[in-house]
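# Structural features, examined
Each chain, written out:
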Amino acid sequence: MSARGWLTKVPAITATFWVIKVLSTTIGETFADYLAVNVGLGPIVTDAIMFVLLATALVVQLRTRRYTPWIYWLCVVLVSIFGTQVTDLFTDTLGVPLAVSTLVFSVLLAVVFAIWYRQERTLAITSINTPRREGFYWAAILTTFALGTAAGDFATEALNLGFRNGALIFGSLLVATWIAFRLGAGQVLTFWIAYVITRPLGASLGDLLTQDKDLGGLALGASTTSLLFLVAIVVLVVREQMLVSRHGVVDKGAGPHGGHRQDRAWAGAAALAVAVAGFGLSMAHGSRSATDTQADVTQNTVTAGASGPAAARAVHPTTKLGNLSRFAVIVTDVKTKVTANDLVAAKTRVKDLEVAWDDAEAGLKPRDATRWHQLDDEIDAVLTALRAAHPVQADCASAVAGLMTTLNTFDGV
């Protein structure tokens, strides 16, 4: 084997490559939110953890002498997570509009490519065989994930496309890119275009699986979807690792169209298994959701009977965002606990509101971004008041009352 082949540090561009890329995107979209919200680490701690993990994985990747599937794809998954966090930092923390973020990351990617090409005279993934080229490669990969996140969020949220339309649009763009390649468009150009497109495509597909059925999804939830995709990634990566260990390299052909028949069979089987498992779990979840919905209706009725017309209105808000009664039920519970000065119990219950609201973001936000942001700010105020080092009942009551007023204001609007 030549020194050039030994030093190539990236996989062949095959069907397996693209399937793993799309699957890793969904994990990047959901896992960081899971740590920050469901586990309760918060965005700052989560960002720090992901940065350290990514830096460590990249050091290992850069020190390897050849393509090592498990470390390469670990880096891609971590880059996906961290790239999503970078965009979220711009949008949620710094308040940068998605259109501006998309433009900034587009310019930054163009700068990376310009410097890379000026130094190396090539942007081909098949030429990643020196430390400097690999450095440019990972800089471009990180930027494409950040750009794909911003562009995808801009298309599905700011333009109110939603995740279903987003999946169709980005899927169509990916097919168009493949057709352009088959008709003679440059391999390098079509590869990088496809690499950017697969980011919002994977995110849209992930949202399709995770969002509740009343929002147009399959209601698997973020944790189940992430686990399902992770299993598929592990199976494909283990196969890659076995091929590398056996033959030294994985030579399955190059180009965005995929590789040999066996590789396409494995990639297709993995994608089909994910689809079948997803629909099966969705059907099972649907029967459980019906029972949960009936329980919520019963609780709403009891709450309304106990508290009068105002409470009834508070737990049945129907807005342009959709039916928000599941959130209103939690807010009512939190208000009851705050009124009784049981702030510890209120803090515990408000966690349910945070998780439910975060899980529903992709389905709700495209419907009415203005109202979503207003409610999001009100929920943040409640979280801040209850999670203060020394929470004050009056401050908590005021924040909860503000949120309840906002829900009532949106009722029927």
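How each quantity is defined
- Residues numbered from 1 in each chain as written.
- Predicted model: local features only at pLDDT ≥ 70, side-chain atom pairs only at ≥ 80, totals over all residues.
- Heavy atoms only, no water.
- Axes fitted to C-alpha atoms, helices over the stretch in contact; angles between N-to-C directions.
- Helix = DSSP H or I, 4+ residues; strand = E, 2+ residues; numbered from the N terminus.
- Parallel < 35°, antiparallel > 145°, perpendicular 65-115°, else oblique.
- Left-handed = near helix turned anticlockwise from the far one by under 90°.
- Contact = heavy atoms within 4.5 Å.
- Salt bridge = Lys/Arg side-chain N within 4 Å of Asp/Glu carboxyl O.
- Buried < 20%, exposed > 50% of the residue type's maximum accessible area, 1.4 Å probe, protein only.
- Phe/Tyr/Trp six-rings, centres within 6.5 Å; stacked < 30°, edge-to-face > 60°.
- Core = buried A, V, L, I, M, F, W, Y, C linked by side-chain atoms within 4.5 Å.
- Expected span 1.5 Å × (residues − 1).
- Arc of directions from axis to C-beta.
- Patch = residues over 30% accessible without salt bridge, like charges linked within 9 Å, V, L, I, M, F, W, Y side chains within 5 Å.
- Areas by Shrake-Rupley, 256 points an atom, 1.4 Å probe, with all protein chains shown as cover.

On to the packing of helix H15 (residues 369–386) against helix H16 (residues 393–410). Remark: H15 packs on H16, axes separated minimally by 8 Å, with the N-to-C direction vectors making an angle of 160 degrees. With respect to their mutual orientation, H15 and H16 come out roughly antiparallel. Crossing geometry of H15 relative to H16 is assigned as left-handed. Seen from H15, the contacting residues are Arg-371, Gln-374, Leu-375, Glu-378, Ile-379, Ala-381, Val-382, Ala-385 and Leu-386; seen from H16, they are Asp-395, Cys-396, Ala-399, Val-400, Gly-402, Leu-403, Thr-406, Leu-407 and Phe-410.

Two side chains that carry opposite charge are able to pair once their charged atoms sit near each other. Evaluated as defined, the whole model comprises nine salt bridges. Of the charged contacts, one joins Arg-132 and Glu-120 as a salt bridge, the two residues approaching to 2.6 Å between their closest N and O atoms. One end of the pair, Arg-132, is in helix H6 (residues 131–158); the other, Glu-120, is in helix H5 (residues 98–120), with 12 residues separating them in the sequence. On the accessibility criterion, Arg-132 (47% relative accessible area) is partly exposed. Residue classification places Glu-120 among the buried positions, given a relative accessible area of 11%. With its nearest N and O atoms 3.9 Å apart, the salt bridge here joins Glu-361 to Lys-365. Each member of the pair, Glu-361 together with Lys-365, is buried.

Let us look at the environment of Ala-360. Considering the arrangement of structural elements, one finds Ala-360 in the loop between helix H13 (343–359) and helix H14 (361–364). Sequence-wise, Ala-360 and Leu-215 are 145 residues apart; in three dimensions their C-alpha atoms are separated by 8.1 Å. If sequence neighbours within four positions are ignored, Ala-360 has contacts with Gln-211, Leu-215, Arg-326 and Phe-327.

The next subject is the packing of aromatic side chains. Geometrically, a pair of aromatic rings is defined through the distance of the ring centres and the angle of the planes. Inspection of the entire model under this criterion finds 23 aromatic pairs. Relative to Trp-138, the ring of Tyr-72 lies with its centre 5.4 Å away and its plane at 50 degrees, an arrangement referred to as tilted. Here the residue Tyr-72 occupies a position in helix H4 (residues 69–93), and Trp-138 occupies one in helix H6, the gap between them amounting to 66 residues. With respect to burial, Tyr-72 and Trp-138 carry one shared label: buried.

Right, let's get into the packing of helix H7 (residues 162–182) against helix H8 (residues 187–210). For the pair H7 and H8, the least separation of the axes is 8 Å and the interaxial angle reads 160 degrees. It follows that H7 is roughly antiparallel to H8 by the angle criterion. The crossing of H7 and H8 is left-handed. Between H7 and H8, the contacting residues are Phe-163, Arg-164, Gly-166, Ala-167, Phe-170, Gly-171, Leu-173, Leu-174, Thr-177 and Phe-181 on the first element and Gln-187, Thr-190, Ile-193, Ala-194, Ile-197, Thr-198, Pro-200, Leu-201, Ser-204, Leu-205, Asp-207 and Leu-208 on the second.

Attention now goes to the nonpolar core. One finds Phe-17, Tyr-72, Trp-116, Tyr-137, Trp-192 and Tyr-195 to be the most contacted residues of the largest nonpolar core, which totals 60 residues. Contributions of two or more residues to this core are made by helix H2 (15–38), helix H3 (42–63), H4, H5, H6, H8, helix H9 (222–247) and helix H10 (261–307). Of the residues forming this core, the biggest block, 10 residues, is contributed by H4. Apart from residues lying up to four places away in sequence, Tyr-195 is in contact with Phe-17, Trp-18, Lys-21, Val-76, Ile-141, Thr-144 and Phe-145. Counting residues in hydrophobic clusters, the runner-up holds 30 residues, among them Leu-215, Phe-327, Leu-375 and Cys-396.

The next subject is H3. Between its first and last C-alpha atoms H3 spans 32 Å; for 22 residues at 1.5 Å apiece the expected length is 32 Å, and the two agree. Those residues of H3 lying buried are Gly-42, Thr-46, Met-50, Leu-54, Ala-57 and Gln-61. Buried residues of H3, viewed axially, fall in a sector of 100 degrees; they line one side. Seen from the open side of H3, the exposed residues pointing more than 90 degrees away from its buried face are Ile-44 and Arg-63.

What follows is about a nonpolar patch on the surface. Nonpolar side chains collect at one region of the surface, where Phe-31, Tyr-34, Val-39, Leu-41, Val-45, Ile-49 and Leu-53 lie side by side and expose about 520 Å² of accessible area between them. Counting residues per element, the ones that place at least two in the nonpolar patch are H2 and H3. When residues in the nonpolar patch are grouped by element, the largest group, three residues, is from H3. Position of Tyr-34 among the secondary structure elements: in helix H2. Its relative accessible area of 33% is what places Tyr-34 among the partly exposed residues.

Attention shifts here to unusual backbone geometry. Within the chain, Arg-121 stands out as a residue other than glycine whose phi angle is a positive 65 degrees. Inspection of the secondary structure assignment puts Arg-121 in the loop between H5 and H6.

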